[in-house]
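The primary structure of each chain is shown beneath.
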Amino acid sequence: MSFVFGAIIGSFLNVCIARIPNGQSVVSPSSHCPKCKAEIPFYNNIPLVSYLILRGRCHSCSEGISVRYFIVELLMALLSFALFSRFGLSFVFFVTLVFVAGLVVISFIDLDVRIVPDVISLPGIILGLVVSLIGFFLFGSASGVVPSPLSSILGILVGGGFLLATAWIYEKFTGVEGMGGGDIKLLAMIGAFLGWPAIPITLFLASLVGSVVGIACMLWTGAGRRLALPFAPFLCSGAVVFIFFGQDLARFYLPPA
Ligand SMILES: [Zn+2]
């Protein structure tokens, strides 16, 4: 059930990923083929299933549809299933589901057009803080991965501040712009939703995996020069790992509560 629910959300996220970079509305017009403009009837717009039945082609002009649509729906379905298995039907489940949905949109837009959209990350910072306040008033304390309001505020400051400082120092010494401003806002959003302990782990995992993938890509393509990889997908992956394993990982550097 949570798998199907996730796939449906993924279907909507696909619309966001395709339209947000162009500044288009995500609610209207209804879905249509990017090539022949034919409207996609609801029975051909079933998440995951339609892509397989139509073998990734438009029903009217047979133009190939990007496999990204299928990947996003499957990814979101799996994430939804995993979050539900972990947290059950709870406040934390809905919060993390919304957060992860935002991360998926940001990652795929960054992969696609190399932009971390402010329209997601900036409201995301506010929403993360608001959610921590709601959690605090409902339960009187931090609940699972939803941090206390103080931890959320510190997360925004540490996440935003740390990267801002790093970017400034990097630019000072090399004269090259390193980390983009979009990544800084994204990390502040991650800090807002997960609290400050998430920042070091997310950064560590993102840098580690980013380096490995970066080196692999350089070897694969034979490009000796600096290869600019989008960093947001790595930050987002780090944040998702923190949601599932953060409590265990944080024990290494936090005093026992
Ligand atoms: Zn078409």
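Residues numbered from 1 in each chain as written. Predicted model: local features only at pLDDT ≥ 70, side-chain atom pairs only at ≥ 80, totals over all residues. Heavy atoms only, no water.

Engineer: It is not clear to me how the coordination of the zinc ion should be interpreted in this structure. Could you clarify?
Structural biologist: Each donor-metal-donor angle in an ideal tetrahedron of four donors is 109.5 degrees, and each such angle in an ideal octahedron of six donors is either 90 or 180 degrees. Within the first shell, the zinc ion binds the protein through Cys33 (SG), Cys36 (SG), Cys58 (SG) and Cys61 (SG), at distances of 2.3 Å. Seen from the zinc ion, its four donor atoms lie at angles of 104 to 115 degrees, and the figure they make is tetrahedral. The sequence motif formed by the donor residues of the zinc ion is C-x2-C-x21-C-x2-C. Highlighted residues: Cys36 in the loop between α1 (2–19) and α2 (49–53) and Cys58 in the loop between α2 and α3 (67–87), separated in sequence by 22 residues. (Donors = N, O, S within 2.8 Å, 3.2 Å for Na, K, Ca; no water. Tetrahedral: all angles 85-135°; square planar, octahedral: opposite > 155°, others 65-115°. Helix = DSSP H or I, 4+ residues; strand = E, 2+ residues; numbered from the N terminus.)

Engineer: Where do I start with the packing of aromatic side chains in this structure?
Structural biologist: Each aromatic ring pair is characterised by the separation of its centres together with the angle its planes make. Taken as a whole, this structure holds eight aromatic pairs when the rule is applied. Between Phe42 and Tyr43, the aromatic rings sit 5.6 Å apart at their centres with planes inclined by 80 degrees, giving edge-to-face as the arrangement. For Tyr43, a relative accessible area of 51% puts it in the exposed group. With a centroid separation of 6.1 Å and 70 degrees between ring planes, the pair formed by Phe136 and Phe137 is classed as edge-to-face. Ring pairing ties together the aromatic residues Phe84, Phe93 and Phe94, which thus form one cluster. The aromatic ring of Tyr69 is capped on one face by Arg68, whose charged end is 5.5 Å from the ring centroid. (Phe/Tyr/Trp six-rings, centres within 6.5 Å; stacked < 30°, edge-to-face > 60°. Buried < 20%, exposed > 50% of the residue type's maximum accessible area, 1.4 Å probe, protein only. Lys NZ or Arg CZ within 6 Å of the ring centre and 35° of its normal.)

Engineer: How should I be thinking about helix α7 (residues 181–194) in this particular structure?
Structural biologist: Owing to its 3.6 residues per turn, the α-helix aligns residues three or four sequence positions apart on the same side. Between its first and last C-alpha atoms α7 spans 20 Å; for 14 residues at 1.5 Å apiece the expected length is 20 Å, and the two agree. Within α7, twelve of the 14 residues are buried, leaving the element largely enclosed by the surrounding structure. Those residues of α7 that fall on the buried side of the exposure criterion are Gly182, Asp183, Ile184, Leu186, Leu187, Ala188, Met189, Ile190, Gly191, Ala192, Phe193 and Leu194. Those residues of α7 that are buried lie in contact with α4 (91–113), α5 (118–139), α6 (149–174), α8 (198–221) and α9 (232–250). Gly195, located one to two residues past α7, shows a positive phi value of around 85 degrees. (Expected span 1.5 Å × (residues − 1). Contact = heavy atoms within 4.5 Å.)

Engineer: Any chance you could explain the side chain of Ser151 here in plain terms?
Structural biologist: Structurally, the position occupied by Ser151 is in helix α6. What Ser151 contacts, discounting residues up to four positions off in sequence, is Gly191, Gly195, Trp196 and Pro197.

Engineer: Help me out: how do you make sense of unusual backbone geometry in this one?
Structural biologist: Where the residue is not glycine, phi is negative for most of them; where a peptide bond is considered, it is trans in most cases. Even without glycine at this site, Arg55 takes up a positive phi of about 50 degrees. For Arg55, the position within the fold is in the loop between α2 and α3. Its identity as a non-glycine residue notwithstanding, Arg114 has a phi of 60 degrees, on the positive side. Its place among the elements puts Arg114 in the loop between α4 and α5. On the basis of relative accessibility, which here comes to 48%, the residue Arg114 falls in the partly exposed class.

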